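# Structure at a glance
These are the residues of each chain, in order.
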Amino acid sequence: MEKYNIEDFRKIIKTLRSPDGCPWDRVQTHESIKSCLIEECYEVLEAINNKDDDNLKEELGDVLMQVVMHSRIAEERKSFTFDDVVQGISEKMIRRHPHVFGNEEGEVVEAGSVDWDKIKQEEKRNTAQADFGPLTGIPKSLPALIRAQKVLKKSDKIYEDGKTALESIEDIQKLLEELKDSILINSEKSLENKHHSNKIGAIILEIVNIAVELQENAENSLTNMVETFINKRESNED
């Protein structure tokens, strides 16, 4: 079996994008394949959840293909190259781990004294993200539960305004009563009501805060429960 390395793979993608390459690959843009990147990342997660190393290896290759493809598209536009991507992430890893690689003076610092948020804020200076606040800088494209958990954790750390799990439970009980009253009042009307939507959103946000306080992953908790629901329903049909 012939062995390939990353440089070989970059040449393969370059060939696919060339005038004599694949008709589909050479017309792709950042925008046209962005959904592919999302799908490939979720397939990586599926392989991890299934503890399927063979599939994980394949899916990680698909994610790498997306990275190299986006880099090639950018290189053709004379924006940046794959080497620039590698350079940037290497610098970031070293910069964010002064307890391993040392600080700007070359001194290794204690891991507990590293302020990662301060390092990240310094990185954003003089970039397109410089005007973003600490919360607005969290990408909107993240799945809602993941984004909510990041927002709540960061908000609590920066503004010290977090609720305890018990406080969130009390607020959920109040919101459920308000939602119940709203449904009863509007029972003869369409339930496609923004008021209901806001209440549901507020309840979910409080549930995510409980996950934050209990150091649980809300996304994983819901994913596991959905799988449990599916298995129960399908087993009942047999």
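Before reading on, note that the structure itself is shown above.
Now for a description of the structure that goes with this document. (Residues numbered from 1 in each chain as written. Predicted model: local features only at pLDDT ≥ 70, side-chain atom pairs only at ≥ 80, totals over all residues. Heavy atoms only, no water.)

On to the overall build of the chain. The helix and strand inventory of the chain stands at 10 helices and zero strands. Seen in sequence order, the chain has helices and strands lined up from the N terminus as α-α-α-α-α-α-α-α-α-α. In the chain, the proportion of contacts linking residues at least 24 apart, taken out of those at least 6 apart, comes to 53%. Roughly 17,700 Å² of accessible area belongs to the chain as shown, and the carbon and sulfur atoms make up 54% of that amount. (Helix = DSSP H or I, 4+ residues; strand = E, 2+ residues; numbered from the N terminus. Contact = heavy atoms within 4.5 Å. Areas by Shrake-Rupley, 256 points an atom, 1.4 Å probe, with all protein chains shown as cover.)

Once that is clear, we can look at the nonpolar core. In terms of nonpolar packing, the biggest core is built from seven residues, these being Leu145, Ala148, Leu152, Val208, Ala211, Val212 and Ala218. Of all elements in the fold, only helix H7 (144-159) and helix H9 (194-213) reach the threshold of two or more residues within this core. Not counting the four nearest positions on each side in its chain, valine 212 is found in contact with Gln149, Leu152 and Lys153. (Core = buried A, V, L, I, M, F, W, Y, C linked by side-chain atoms within 4.5 Å. Buried < 20%, exposed > 50% of the residue type's maximum accessible area, 1.4 Å probe, protein only.)

What follows deals with the packing of helix H1 (residues 6-17) against helix H3 (residues 53-76). Viewed as axis vectors pointing N to C, H1 and H3 meet at an angle of 60°, and their least axial separation amounts to 10 Å. Relative to H3, H1 is oriented oblique. Crossing hand, H1 versus H3: right-handed. Here Ile6, Phe9, Arg10, Ile13, Lys14 and Arg17 of H1 come into contact with H3, specifically with Leu64, Met65, Val68, Met69, Arg72, Ile73, Glu75 and Glu76. (Axes fitted to C-alpha atoms, helices over the stretch in contact; angles between N-to-C directions. Parallel < 35°, antiparallel > 145°, perpendicular 65-115°, else oblique. Left-handed = near helix turned anticlockwise from the far one by under 90°.)

Looking now at a negative patch on the surface. Negative charge collects at one region of the surface, where Glu39, Glu43, Glu46, Glu58 and Glu227 lie side by side. The biggest single contributor to the negative patch is helix H2 (residues 34-49), with three residues. (Patch = residues over 30% accessible without salt bridge, like charges linked within 9 Å, V, L, I, M, F, W, Y side chains within 5 Å. Salt bridge = Lys/Arg side-chain N within 4 Å of Asp/Glu carboxyl O. Lys, Arg positive; Asp, Glu negative; His and termini not counted. Charge placed at Lys NZ, Arg CZ, Asp CG, Glu CD.)

Moving on, we come to the pattern of salt bridges. Once the charged atoms of two side chains with opposite charge are near each other, the side chains can pair. This structure, assessed with the given rule, holds eight salt bridges. With a shortest N-O distance of 3.3 Å, glutamate 7 and arginine 10 are connected by a salt bridge. Of the two residues, glutamate 7 and arginine 10 are both situated in helix H1; the distance of three residues between them amounts to about one turn of the helix. A salt bridge links arginine 10 to aspartate 83, with the shortest nitrogen-to-oxygen separation between them at 2.9 Å. You can see arginine 10 sitting in helix H1 and its partner aspartate 83 sitting in helix H4 (residues 82-95), a full 73 residues away along the chain. Overlapping salt bridges, with partners in common, bring together Arg17, Arg72, Glu75 and Glu76 in one network.

With that settled, the discussion passes to H1. For H1, spanning 12 residues, the distance from its first C-alpha to its last is 17 Å, which sits close to the expected 16 Å at 1.5 Å a residue. For H1, every residue scored as buried is listed here: Arg10, Ile13 and Arg17. The buried residues of H1 occupy an angular sector of 60° when projected down its axis, which confines them to one face. In this fold, the buried residues of H1 make contact with H3 and H4. Sitting at the amino-terminal end of H1 is asparagine 5, which places a side-chain oxygen 3.0 Å from the backbone nitrogen of glutamate 7. (Expected span 1.5 Å × (residues − 1). Arc of directions from axis to C-beta. Polar contact = N/O pair within 3.5 Å; in protein donor to acceptor, adjacent residues only side chain to side chain.)

This brings us to the environment of isoleucine 200. Mapped onto the elements, isoleucine 200 comes out in helix H9. Overall, the relative accessible area of 43% leaves isoleucine 200 in the partly exposed class. Taking the C-alpha atoms as reference points, isoleucine 200 and leucine 175, separated by 25 residues in sequence, lie 8.3 Å from one another.

It is worth spelling out H7 at this point. In this model, H7 (16 residues) spans 21 Å end to end at C-alpha, consistent with the 22 Å of a helix rising 1.5 Å per residue. For H7, the complete set of buried residues consists of Leu145, Ala148, Gln149, Leu152, Lys154 and Ser155. After H7 finishes, the residue glutamate 160 shows a positive phi value of roughly 50°.

The next thing to look at is unusual backbone geometry. One non-glycine residue with positive phi stands out, namely lysine 78, at about 60°. Position of lysine 78 relative to the elements: it lies in the loop between H3 and H4. The phi angle at glutamine 215 is positive, at roughly 60°, despite the residue not being glycine. Looking at where glutamine 215 falls in the secondary structure, it is placed in the loop between H9 and helix H10 (218-237).

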